[in-house]
Amino acid sequence: MNSKKLLILGGANVHVKVVKAAKEMGLYTIVTDYLENSPAKLIADKSYMLDVKDVDGIVKMCRQEKVDGVIGPYLDPCQRPYYEICHRLHLPCYIDTWEQVYTLTDKNAFKACCVQNGVDIIPTYSIDSPQEIEYPVFVKPCECRGSRGQTICNSFEEVKKAYEVACEISENKKAVIEKFMENASDFTMTYVFAEGEAHLVRVGDMHFKLKKYYSEGVISPSCHADIYLKNAEEHVLHMLKSLGIKNGPVFMQGFVDGETVRFYDPGYRFPGSEYDSMLKKVCGVDNVKMMIEFALTGCMKNAYWNIHKDCAFLNGKIVVVFYPNLRDGTIREIRGLEHIEKMEEVIHYTLRHNIGDSVRATGDVNQYLGEFNIVAQSREAAAYTANQILNALQVMDDNGRDMVVRPPDGEKYFNNWFYAYEK
């Protein structure tokens, strides 16, 4: 491994762990994106100012550098370039066909594939048939990330405006109109495929809202895991295998509507969070190093042959990916991190914003201060820790105002949050 070079597509925070893991394996790391000082670039052995979509430029650079493997398993914009770059360089790629990556990055193509394979989806409407729309509806870009361009609409006038905005933001200039699943529970799951065998590594409940309010996050394992395994898993796996998927991570998000899971978003990658760090701590499964090994060898089977079939249930632990939200303002000081670092249940945190950054009320992930990762023995302990994190944090703006958004009664709020779906 010491003579091998690994290219990481994208230098965002979520790829810092990829660079660190590669260095632990003795690899020479190269990071490329269009940003001067993206976090992963700052710790890589070498970096380039090449946008991940500049396939020609990256292929040329890889040949000059004699790159041995390419990876970018956490960011949606990297998936199509990853496929093209690897196949042009004849390097290991877990995506075998264009159909696979297109279906799992385009929301309309994904919905069509679901319908064809008996996987339930959210009722969808056409902008050309306004008489058929039942309100409220949810309008969003067809190809986008970070919850951008999403709007709840209660009339066709609102739909037209939201649809125009969503199309403008979308990579393919298309938008989706769905039934607004206001009272349904948000659910996510992740598989890792190894030589055709699917390993379930995550089931979680997502507490996300369109309008950023208080705090957000994902709690694993999901309270709805039994509903998914009983009523949806067989159809989901049939669909993914019908696409010919043999290797790599696949995640899907959906709403639990009674006894039905209605899916709305896929990804041929891992979700962009630090869940991997907690999975490694609790179950000993190192997704990052396994994906790096595949990038260099093309072999996934050896890495996953001994994963416990109940890995996604985390040996009875509760794992939380927690995102405190901020009001708009410019950050002058961040207090409380030293106290949070001493909390036994907090195993890792990453800041999205630092001193000097300006935060705006954009209604998307840019309002997150960062990601705080909790591993606890119970839901009660996890709720207590999330509340303690929020109590410890102070993010002061230029006017001496605390930018952290807090609920009126944190203890009650988080207890409701963590037990929302339990009877």
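Computed from a predicted structure; not experimentally measured. (Residues numbered from 1 in each chain as written. Predicted model: local features only at pLDDT ≥ 70, side-chain atom pairs only at ≥ 80, totals over all residues. Heavy atoms only, no water.)

Asker: Outline the overall build of the protein, supporting the account with residue identities and numerical values.
Answerer: Within the protein, the regular secondary structure consists of 15 helices and 19 strands. In terms of overall size, the protein behaves like a compact globule, its C-alpha atoms giving a radius of gyration of 21 Å where 423 residues would be expected to give roughly 22 Å. Taken over the C-alpha atoms alone, the protein extends approximately 55 × 55 × 40 Å along its principal axes. Taken over 423 residues, the protein has a buried fraction of 56%. For the protein, the share of sequence-separated contacts (at least 6 apart) that also reach a separation of at least 24 residues comes to 66%. Carbon and sulfur atoms make up 47% of the accessible area of the protein, which amounts to about 18500 Å² in all. Seen as two clouds, the 49 positive and the 58 negative side-chain charges of the protein have centres 3 Å apart. (Helix = DSSP H or I, 4+ residues; strand = E, 2+ residues; numbered from the N terminus. Rg over C-alpha atoms; globule rule 2.2 N^0.38 Å. Buried < 20%, exposed > 50% of the residue type's maximum accessible area, 1.4 Å probe, protein only. Contact = heavy atoms within 4.5 Å. Areas by Shrake-Rupley, 256 points an atom, 1.4 Å probe, with all protein chains shown as cover. Lys, Arg positive; Asp, Glu negative; His and termini not counted. Charge placed at Lys NZ, Arg CZ, Asp CG, Glu CD.)

Asker: Which residues make up the packing of helix α1 (residues 16-24) against helix α11 (residues 287-297), and what values do they have?
Answerer: α11 packs onto α1 with a crossing angle of 70° between their chain directions and a minimal axis gap of 9 Å. Judged by the inter-axis angle, α1 sits roughly perpendicular to α11. When the axes of α1 and α11 are compared, the crossing they make is right-handed. For the pair α1 and α11, the contacting residues are Lys17, Val18, Ala21, Ala22 and Glu24 in the first and Val288, Lys289 and Ile292 in the second. The residue makeup of the contact of α1 with α11, split by class, is five nonpolar, no polar and three charged. (Axes fitted to C-alpha atoms, helices over the stretch in contact; angles between N-to-C directions. Parallel < 35°, antiparallel > 145°, perpendicular 65-115°, else oblique. Left-handed = near helix turned anticlockwise from the far one by under 90°. Nonpolar A, V, L, I, M, F, W, Y, C, P; charged D, E, K, R; others polar.)

Asker: Describe the pairing of strand β9 (residues 185-194), and please don't skip the residues or the numbers.
Answerer: Taking burial as the measure, the 10 residues of β9 include 10 buried ones, the bulk of the element. Of the two faces of β9, the one carrying Ser185, Phe187, Met189, Tyr191 and Phe193 and the one carrying Asp186, Thr188, Thr190, Val192 and Ala194 are both buried. Two elements, β9 and strand β12 (residues 248-257), share nine bridges in a ladder whose sense is antiparallel. Across the sheet, the residue bridging to Val192 is Pro249, located in β12. (Pairing = 2+ DSSP bridges.)

Asker: Run through α1, naming residues and quoting values.
Answerer: Every buried residue belonging to α1 is among Val16, Lys17, Val18, Val19, Ala21 and Ala22, and all of these are buried. A positive phi of about 85° marks Gly26, the residue just after α1.

Asker: Would you mind going over the packing of aromatic side chains in detail, with residue names and values included?
Answerer: Here the structure, examined in full by the defined rule, presents 12 aromatic pairs. Aromatic side chains Tyr82 and Tyr94 sit 5.0 Å apart centroid to centroid with 40° between the ring planes, which places their arrangement in the tilted category. Residue Tyr82 is located in helix α4 (residues 79-89), and its partner Tyr94 is located in the loop between α4 and α5 (98-103); the two are separated by 12 residues in the primary sequence. Accessibility assignment for this pair places Tyr82 and Tyr94 in one class, buried. Aromatic side chains Tyr83 and Trp98 sit 6.0 Å apart centroid to centroid with 50° between the ring planes, which places their arrangement in the tilted category. Here the residue Tyr83 occupies a position in helix α4, and Trp98 occupies one in helix α5, the gap between them amounting to 15 residues. (Phe/Tyr/Trp six-rings, centres within 6.5 Å; stacked < 30°, edge-to-face > 60°.)

Asker: I'd like a description of the environment of Phe251, backed by residues and values.
Answerer: In this structure, Phe251 sits in strand β12. On the basis of relative accessible area, Phe251 is assigned to the buried category, the value being 2%. Through-space distance from the C-alpha of Phe251 to that of Arg269 is 6.7 Å; in sequence the pair is 18 residues apart.

Asker: Requested: an account of the side chain of Thr29, with residues and values cited.
Answerer: Tracing the backbone through its elements, the reader meets Thr29 in strand β2 (residues 28-32). The residues contacting Thr29, other than those within four sequence positions of it, are Leu6, Ile8, Val19, Ala22, Lys23, Ala44, Asp45 and Lys46.

Asker: Explain the sheet that holds strand β11 (residues 215-220) residue by residue, including any values.
Answerer: The sheet built from eight strands is open, its strands ordered β13-β12-β9-β10-β11-β14-β18-β16 with antiparallel pairing. Either end of the sheet is taken by a strand with one partner, and the two such strands are β13 (260-267) and β16 (346-351). Shown here is a sheet whose adjacent strand axes are inclined to one another by a mean of 25°, direction ignored. In this fold helix α10 (residues 275-283) packs onto β10 (197-207), β11, β14 (318-324), β16 and β18 (370-376), with an angle of close to 155° to the strand it touches most, β14.

Asker: Account for the pairing of strand β1 (residues 5-9), naming residues and giving values.
Answerer: A large share of β1 lies buried, amounting to four of its five residues. Read as a crossover between parallel neighbours, the route from β1 over α1 to β2 is right-handed. Bridge count between β1 and strand β4 (residues 69-71): three bridges; the pairing is parallel. Following the sheet pairing, Ile8 is matched in β4 by Ile71. (Right-handed = clockwise from strand over helix to strand, strands pointing away.)

Asker: Outline the state of the cysteines, supporting the account with residue identities and numerical values.
Answerer: Enumeration over the complete set of coordinates arrives at zero disulfides. There is no disulfide at Cys78, and the cysteine sulfur nearest it, in Cys86, is 11 Å away. Judged by its relative accessible area of 2%, Cys78 is buried. Here Cys153 is not disulfide-linked; the sulfur of Cys167 is the nearest cysteine sulfur, at 12 Å. (Disulfide = S-S within 2.5 Å.)

Read these as layout, nothing more, since geometry by itself doesn't imply function.
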